[in-house]
Protein chains: 2
Amino acid sequence: MSKVKVNISMSLDGYVAGPDQSEENPLGIGGEQLHEWIVPLRAFRESHGAEGGEVNASTPIAEGILGNVGAVIMGRNMFGGGPGPWGDDPWKGWWGDKPPFHSPVFVLTHHAREPLEMEGGTTFYFVTDGIESALGQARAAAGDKVVSVGGGASAVQQYLAAGLLDEILVSVVPVILGGGSRLFDNLGDAKPRLEQVEAVEAPGVTHIRYARV
Amino acid sequence: MSKVKVNISMSLDGYVAGPDQSEENPLGIGGEQLHEWIVPLRAFRESHGAEGGEVNASTPIAEGILGNVGAVIMGRNMFGGGPGPWGDDPWKGWWGDKPPFHSPVFVLTHHAREPLEMEGGTTFYFVTDGIESALGQARAAAGDKVVSVGGGASAVQQYLAAGLLDEILVSVVPVILGGGSRLFDNLGDAKPRLEQVEAVEAPGVTHIRYARV
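Because the structure is predicted, anything quoted here is derived from the model rather than measured.

1. Here we look at the relation of the copies chain B and chain A
Step number 1: In the superposition of chain B on chain A (RMSD 0.0 Å, axial shift 0.0 Å), the rotation amounts to 180°. Accordingly, the operation relating the two chain copies is best matched by a two-fold axis. The C-alpha atom lying nearest the rotation axis in chain B is that of G14 of chain B; the distance is 3.2 Å.
Step number 2: Interface overlap between copies is the fraction of interface residues in one copy that are interface residues in the other; for chain B against chain A it reaches 100%, indicating a shared surface.

Below you can see the structure in the form of structure tokens.
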């Protein structure tokens, strides 16, 4: 059965998005800093159809994140377009006509909607019957590839609390955002048990991989 | 001038002590897990007058933490004995007759008290006129050795917000405490800028060293 993984960049104070998320600042104020380690990499640029870029100690991490993903799950807030019904001219995601997922993406939402096929192999499916249903659909689509829970914080928290994540790769960035969405929060009485699998020092970031015990 | 450093163990969800700190649970519920990486080490045991112990990738980190400290600063909560006046039979710290500091320790408090000399080179000085005064006294005592801000969270936050820390070594432990004292919190409008200096993978912990930019 496919593994369920999270790869996420986190500030030193635990945020995966800064305060005041908006259409202008999808990752909140200062949130773009969380991804400064990956954006210049050749591996990232190639996945976004661009050439050139850096190769450094983060490269194998980025290749691991970007490769072998068979399906993606994300929360409605990460998909964007604000909360509530989709409206007449529904939001099509932050990523333009050719999103960088190149696989089926299952969006957790309370508002039903027809699947949205984009260029480059990405189709967004809108799942209204909960995280386990989304995971079942994602597993079926992924085959023996990875199901990646992309975020945001709330989606990760729900899968973590439910014990459904096999692996979490946290990329700790030396930034203090001071507010926003905290990754390891709202877990209620769930006390997920994790073990450290590896840690990788790279320029401006430390990648720590955890597995469910 | 002596460097001002913090060495602190932090849970994956950002806590340096668990919930419900008490005399029975000085580090809060589950907080002892934060130090499981250091307690078995020979370097730690030697500093506490014990023999034997492990040597692993955390050893150089522990030696760096335990060696070359000329003075320690800690908050009243870390020194313990509850908040408020000291009373007739004042608390003498968590560490018995021979505390493991072996240097002057400056305790931040609102309640004046005579210095308390312990065995093994530790004397507790009680500083009532603020963090800068405590730092000045600690620098004078430390000479060219390190001033270590020992904790807890509140003391570290105050020095961090004031821009007085040269280095922070965070030992990230794969534990989710779900509550307690968060390290990078209550910084107000201060946005301390840090750069990553190094990251060290070790059994059950990742050490990340940050310097003030």
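2. A look at the sheet that holds strand 7 (residues 146-151) of chain B
Residues and elements named next belong to chain B.
Step number 1: Pairing within the open sheet is mixed, and its nine strands lie in the order 5-6-4-3-7-1-8-11-10. Each edge of the open sheet is held by one strand with a lone partner, namely strand 5 (116-117) and strand 10 (194-202).
Step number 2: With two bridges joining them, strand 5 and strand 6 (residues 123-127) adopt antiparallel strand pairing. Bridge pairing links E117 to T123 in strand 6.

3. A word on the interface of chain B and chain A
How big an interface is tends to be reported as the loss of accessible area on association of its parts.
Step number 1: At the junction of the two partners, chain B supplies 28 residues and chain A supplies 28 residues.
Step number 2: Considering only the side of chain B, the residues that lose the most area to chain A are L12, I176 and Q196 of chain B, jointly responsible for 29% of the buried surface there.
Step number 3: Summed over the shared surface of chain B and chain A, the result is zero salt bridges.
Step number 4: Inspection of the chain B/chain A interface yields 10 residue pairs in polar contact (both at pLDDT 80 or more).
Step number 5: When residues in the side of chain B that touches chain A are grouped by element, the largest group, eight residues, is from strand 10 of chain B.
Step number 6: Taken together, the residues that form the side of chain B that touches chain A break down as 17 nonpolar, four polar and seven charged.

4. Thoughts on helix 2 (residues 59-66) of chain A
Residues and elements named next belong to chain A.
Step number 1: When we look at burial in helix 2, the residues that qualify are T59, I61, A62 and I65. Seen along its axis, helix 2 keeps its buried residues to an arc of 160°; they face one direction. Opposite its buried face, helix 2 presents the exposed residues P60 and G64, each directed more than 90 degrees away.
Step number 2: After helix 2 finishes, the residue N68 shows a positive phi value of roughly 65°.

5. Description of the confidence of the model for chain A
Step number 1: Per-chain confidence: chain A averages 95 in pLDDT, with 100% of residues scoring 70 or above.
Step number 2: Under the prediction, the complex receives an ipTM of 0.93, its pTM being 0.95.

6. Re empty space enclosed by the protein
Step number 1: Summed over the entire model, instances satisfying the criterion amount to two cavities of 30 Å³ or more.
Step number 2: The computed volume of the largest cavity comes to approximately 90 Å³.
Step number 3: Residue lining of the largest cavity: 15 residues in total, with L12, D13 and G14 of chain A together with D13 and G14 of chain B positioned closest to the centre.
Step number 4: At the level of secondary structure, the elements contributing two or more residues to the lining of the largest cavity comprise strand 1 (4-11) of chain A together with strand 1 (4-11) of chain B.
Step number 5: Class assignment for the residues of the lining of the largest cavity results in seven nonpolar, four polar and four charged.
Step number 6: Approximately 50 Å³ is the volume found for the second largest cavity.
Step number 7: Contributing to the lining of the second largest cavity are M10, L12 and V172 of chain A together with M10, S11, L12, V172, I208 and Y210 of chain B.
Step number 8: Secondary structure elements with two or more residues in the lining of the second largest cavity: strand 1 and strand 11 (205-212) of chain B.
Step number 9: Counted by class, the lining of the second largest cavity contains eight nonpolar, one polar and no charged residues.

Thresholds, definitions, all that
Residues numbered from 1 in each chain as written. Chains lettered and ligands numbered in written order. Predicted model: local features only at pLDDT ≥ 70, side-chain atom pairs only at ≥ 80, totals over all residues. Heavy atoms only, no water. Least-squares fit on C-alpha atoms with pLDDT ≥ 70 in both. Contact = heavy atoms within 4.5 Å. Pairing = 2+ DSSP bridges. Helix = DSSP H or I, 4+ residues; strand = E, 2+ residues; numbered from the N terminus. Buried area = accessible area lost by both parts, 1.4 Å probe. Salt bridge = Lys/Arg side-chain N within 4 Å of Asp/Glu carboxyl O. Polar contact = N/O pair within 3.5 Å; in protein donor to acceptor, adjacent residues only side chain to side chain. Nonpolar A, V, L, I, M, F, W, Y, C, P; charged D, E, K, R; others polar. Buried < 20%, exposed > 50% of the residue type's maximum accessible area, 1.4 Å probe, protein only. Arc of directions from axis to C-beta. pLDDT = per-residue confidence, 0-100. 1 Å grid on protein atoms, 1.4 Å probe; cavity = no way out; pocket = protein on both sides within 12 Å on 5 of 7 lines; lining within 4 Å. Points joined across faces, edges and corners; volume = space filled by probe spheres on them.

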